[in-house]
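Examining the three-dimensional arrangement
Next come the chains, spelled out residue by residue.
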Amino acid sequence: MAVAKAGLSKKAEGVLVLDVRGLSSVADYFVILSGSGPRQVNALADTIAEELEKQGSPVLGSEGQSTGAWVLLDFGDVVAHIFEPETRLHYDLEGNWADAPRERVEA
């Protein structure tokens, strides 16, 4: 998956793809990634957005760049959630979507 690969190219951690088809009307896949802090979270978001734009999938919407704790990038069928580690634990998307099939992605 392009989002995961782009994140891994900038040293994203804990990259997880959730297949939410049939569970969510918002997207087919959520890609969850972590950066070490606000600066890396924003760098990951920039890299992912640039790479997917090159591949013909522009960002349709985004949230969170001002704080860098949780950046959301909406590509239509795929939504990227890029977190600081503490924020990721707090919101626990993995737990909230426990019924979703998942795949951990590593470099």
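Along each chain, residue indices are assigned from 1 in the same order as the chain's sequence is written. A pLDDT threshold of at least 70 governs which residues receive local features in this predicted model, and a stricter bar of 80 or more applies before side-chain atom pairs are shown or counted, although totals over entire chains, interfaces and linings include all residues. Processing note: side-chain calculations cover all non-hydrogen atoms of the structure and skip hydrogens and water entirely.

1. Thoughts on the overall build of the protein
Where helices and strands are cited, they refer to DSSP runs of H or I of at least four residues and of E of at least two residues respectively, numbered from the N terminus. Counting secondary structure elements, the protein contains four helices and six strands. For a compact globule the rule gives 2.2 Å times the number of residues to the power 0.38, and the radius of gyration it is set against comes from C-alpha atoms. Expected size for 107 residues packed as a compact globule is a radius of gyration near 13 Å; at 12 Å, the protein falls within 12% of this value. When accessible area is computed with a 1.4 Å probe and restricted to protein chains, residues below 20% of their type maximum are described as buried, those above 50% as exposed, and intermediate ones as partly exposed. Scored against the burial criterion, the 107 residues of the protein give a buried share of 45%. For the protein, the computed accessible surface area is about 5900 Å², with 48% contributed by carbon and sulfur atoms. To measure how exposed things are, a 1.4 Å probe is used in the Shrake-Rupley method; for residues, cover is taken only from the protein chains shown.

2. Comments concerning helix 2 (residues 38-54)
The span expected for a helix works out to 1.5 Å for each residue beyond the first. The end-to-end C-alpha separation of helix 2 is 24 Å, in line with the 24 Å expected for 17 residues at 1.5 Å each. Gln40, Val41, Asn42, Leu44, Ala45, Thr47, Ile48 and Leu52 are the residues of helix 2 that are buried. Taken together, the buried residues of helix 2 touch helix 1 (2-9), strand 2 (29-34), strand 4 (70-74) and strand 5 (78-83). Should any heavy atoms of two residues lie within 4.5 Å, those residues are counted as being in contact.

3. What about the environment of Gly22?
The topology assignment puts Gly22 in the loop between strand 1 (13-19) and strand 2. Sequence-wise, Gly22 and Ala98 are 76 residues apart; in three dimensions their C-alpha atoms are separated by 13 Å.

4. A few points about the nonpolar core
For our purposes a nonpolar core is just a set of buried Ala, Val, Leu, Ile, Met, Phe, Trp, Tyr and Cys residues, chained together by side-chain atoms within 4.5 Å. One finds Val3, Ile48 and Ile82 to be the most contacted residues of the largest nonpolar core, which totals 21 residues. Listed by contribution, the elements that provide at least two residues to this core are helix 1, strand 1, strand 2, helix 2, strand 4 and strand 5. At five residues, helix 2 tops the list of elements feeding residues into this core. Those residues within four positions of Ile82 in sequence are excluded, and the remaining contacts are Leu33, Val41, Leu44, Ala45, Ile48, Ala69, Trp70, Val71 and Leu73.

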